[in-house]
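Letter by letter, the chains look like this.
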Amino acid sequence: MTKTQIKICGLSTEAAIDAAIDAGADYIGLVHFPKSPRHVSLERAAELRTYAAQRVKTVLLLVNADPKSTGKAIGDVKPDVIQFHGSETPDWLKLVADNSGLEIWKALGVKDKPTLAKSARYVGAADRLLFDAPAKALPGGTGTSFDWSLLADHDHKLDWGLAGGLDPDNVADALHATHAPLVDVSSGVESAPGVKQVDRIAAFCQAVREFDEAG
Ligand SMILES: O=C(O)c1ccccc1NCC(=O)[C@H](O)[C@H](O)COP(=O)(O)O
């Protein structure tokens, strides 16, 4: 049985971390981007990372952070993975990877086939691509989906994941359409921006596991 990996993103409380772990998530995401309703300070991100350590992998999200801020964020939080969610270049990702030894993910907003074709430039720079909806007021956490059929026959050159407007009711359809090895959710398991709902986290993970079991 293929086990789809699950990332629950935009957590800011210990209770939400417990809910994600209890539901069987593989990754939690901590957003360090002051414009986001899910923003956590580096101090709080470090506390949450320590709370989660050994139980689930922690992904720290940054958006177009400068080199000094990136180094401080990595040093303070010590995440397992760093996810870049802005317009960061492959060269910048390589530099961070070489200096930190961390696993690197790059989020890309998918508009059309040419966007997907351009994603190949991250080969050798990122460990995983996260295909998300195009940016709106925020670069991520928008709660909107893109056209999943764009991924149906895409020749993936890198490990990858699917994000953007997923929720407990549509994640099985998204997996049928894309066969994503990882799914990422934020708004779809919230009652309001930044407020995670334990029962929706559980329902999301349950829907993924039911898809996996149905084969
Ligand atoms: O979640 C945010 O507020 C956010 C802000 C700025 C950059 C990235 C952000 N989230 C990144 C994620 O990985 C989200 O889980 C992903 O975009 C999917 O979000 P959603 O459509 O709300 O499920």
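The name an unreviewed UniProt entry assigns to the protein is N-(5'-phosphoribosyl)anthranilate isomerase, from the organism Parasphingorhabdus flavimaris. Reading the Catalytic activity (unreviewed entry) entry of the UniProt record for the protein gives the comment "N-(5-phospho-beta-D-ribosyl)anthranilate = 1-(2-carboxyphenylamino)-1-deoxy-D-ribulose 5-phosphate".

> Run through the UniProt feature "domain: N-(5'phosphoribosyl) anthranilate isomerase (PRAI)" (unreviewed entry) in the protein, naming residues and quoting values.
Within this numbering scheme, the UniProt entry marks residues 6–206 as carrying the feature "domain: N-(5'phosphoribosyl) anthranilate isomerase (PRAI)" (unreviewed entry). As annotated, residues 6–206 has a helix share of 33% and a strand share of 22%, and its two end C-alpha atoms lie 11 Å apart.

> I'd love a proper account of the pattern of salt bridges, names of residues and values included.
Side chains that carry opposite charge are capable of pairing whenever their charged atoms lie near each other. Counted according to the given criterion, the structure contains 16 salt bridges. Linking Glu-47 and Arg-44 is a salt bridge whose minimum nitrogen-to-oxygen distance equals 2.8 Å. You can see Glu-47 and its partner Arg-44 sitting in helix α2 (residues 42–52), three residues apart, about one turn around the helix. For Glu-47, a relative accessible area of 42% gives the class partly exposed.

> Outline the pairing of strand β1 (residues 5–9), supporting the account with residue identities and numerical values.
Each regular strand shows side chains that alternate between the opposite faces of the sheet. Of all five residues in β1, four are buried; the element is thus mostly enclosed. As judged from the four bridges shared by β1 and strand β8 (residues 182–185), these two strands associate in the parallel manner. Opposite Lys-7, over in β8, you have Asp-184 as the bridge partner. Relative to strand β2 (residues 27–31), β1 runs parallel, the two sharing three bridges. Bridge pairing in β2 places Lys-7 opposite Tyr-27. For the segment spanning β1, helix α1 (residues 14–23) and β2, crossover handedness is right-handed.

> Describe in detail the nonpolar core, supporting the description with residues and values.
Grouped together as the largest cluster of nonpolar side chains are 59 residues, with contacts concentrated most on Ile-8, Phe-131, Leu-162, Val-183 and Phe-204. Counting residues per element, this core draws most heavily on helix α7 (residues 198–214), which supplies six residues. Apart from the residues within four sequence positions on either side, Phe-131 is in contact with Leu-108, Val-110, Leu-116, Ser-119, Phe-146, Leu-151, His-154, His-156, Trp-160, Gly-161, Leu-162 and Ala-163. Core analysis: the second largest hydrophobic core is formed by 14 residues, Val-31, Trp-105, Leu-130 and Ala-163 among them.

> Can you tell me about the site of the ligand, naming the residues and giving the values?
Surveying the vicinity of the ligand reveals 24 residues, the closest of which are Ser-36, Arg-38, Asp-132, Asp-184 and Ser-187. In this structure, an oxygen atom belonging to the ligand sits 2.7 Å away from a side-chain N or O atom of Arg-38. Side-chain polar atom of Asp-184 to an oxygen atom of the ligand: 2.4 Å apart, as the coordinates give it. Across the complex, the protein chains shield 100% of the 520 Å² of accessible surface that the ligand would expose by itself. If you map the ligand onto the pockets, it falls in the largest cavity. Residue assignment for the shell around the ligand shows that the elements contributing at least two residues are β1 and β8. Broken down by class, the residue content of the shell around the ligand amounts to eight nonpolar, 12 polar and four charged.

> Can you tell me about the packing of helix α6 (residues 171–178) against α7, naming the residues and giving the values?
Direction vectors running N to C along α6 and α7 enclose 40°, while the axes themselves pass 9 Å from each other. Taken together, the axes of α6 and α7 are oblique relative to one another. Here α6 runs over α7; the crossing is right-handed. Residues Val-171, Ala-172, Leu-175 and His-176 of α6 pack against Phe-204, Ala-207, Val-208 and Phe-211 of α7.

What counts, and at which threshold
- Counting restarts for each chain: residues are numbered from 1 in the order of the written sequence.
- Two thresholds apply to this predicted model, a pLDDT of at least 70 for residue-level local features and 80 or more for giving and counting side-chain atom pairs, whereas whole-chain, interface and lining totals are computed over all residues.
- Only hydrogens and water are removed before side-chain values are computed, so all heavy atoms of the structure are retained for them.
- UniProt positions are given in the numbering used here, feature names are shortened, and annotations may be inferred rather than shown by experiment.
- Runs of E in the DSSP output that reach at least two residues are strands. Runs of H or I that reach at least four are helices, and both are numbered from the N terminus.
- The salt bridge criterion pairs a side-chain nitrogen of Lys or Arg with a carboxyl oxygen of Asp or Glu, the two atoms within 4 Å.
- Residue burial is assigned from relative accessible area. The probe radius is 1.4 Å, only protein chains are included, and a residue is buried under 20% of its type maximum, exposed over 50%, and partly exposed in between.
- Note on pairing: DSSP must find at least two bridges between two strands before they are called paired.
- Look down the strands so they point away from you; if the path from the first strand over the helix to the second goes clockwise, the crossover is right-handed.
- In these notes, a set of buried Ala, Val, Leu, Ile, Met, Phe, Trp, Tyr and Cys residues joined through side-chain atoms within 4.5 Å is what counts as a nonpolar core.
- Here, residues are in contact when the closest pair of their heavy atoms is within 4.5 Å.
- One heavy atom within 4 Å of a molecule or strand is enough for the residue carrying it to be called near that molecule or strand.
- The definition of a polar contact used here is a pair of N or O atoms within 3.5 Å, where within protein one atom must be able to donate a hydrogen and the other to accept one, and adjacent residues in sequence count solely through side-chain atom pairs.
- Residue exposure ignores everything except the shown protein chains as possible cover, and the areas themselves are Shrake-Rupley values with a 1.4 Å probe.
- A pocket, in this scheme, is an open set of points on a 1 Å grid over the protein atoms alone with protein on both sides within 12 Å along at least 5 of 7 lines, while a cavity is a set where a 1.4 Å probe fits but cannot get out; residues line either one if an atom lies within 4 Å of a point.
- Each molecule is assigned to a cavity or pocket provided more than half of its atoms lie within 2 Å of the corresponding grid points.
- Here the nonpolar group is Ala, Val, Leu, Ile, Met, Phe, Trp, Tyr, Cys and Pro; Asp, Glu, Lys and Arg are the charged ones; every other residue, Gly included, is treated as polar.
- For helices, the axis comes from a line fit to the C-alpha atoms of the stretch in contact; other axes are also lines fit to C-alpha atoms, and the angle between any two N-to-C directions lies between 0 and 180 degrees.
- Here is the rule for angles: anything less than 35 degrees is roughly parallel, anything more than 145 is roughly antiparallel, 65 through 115 is roughly perpendicular, and the remaining ranges are oblique.
- Each crossing gets its hand from how the near helix is turned against the far one by less than a right angle, where anticlockwise is left-handed and clockwise is right-handed.

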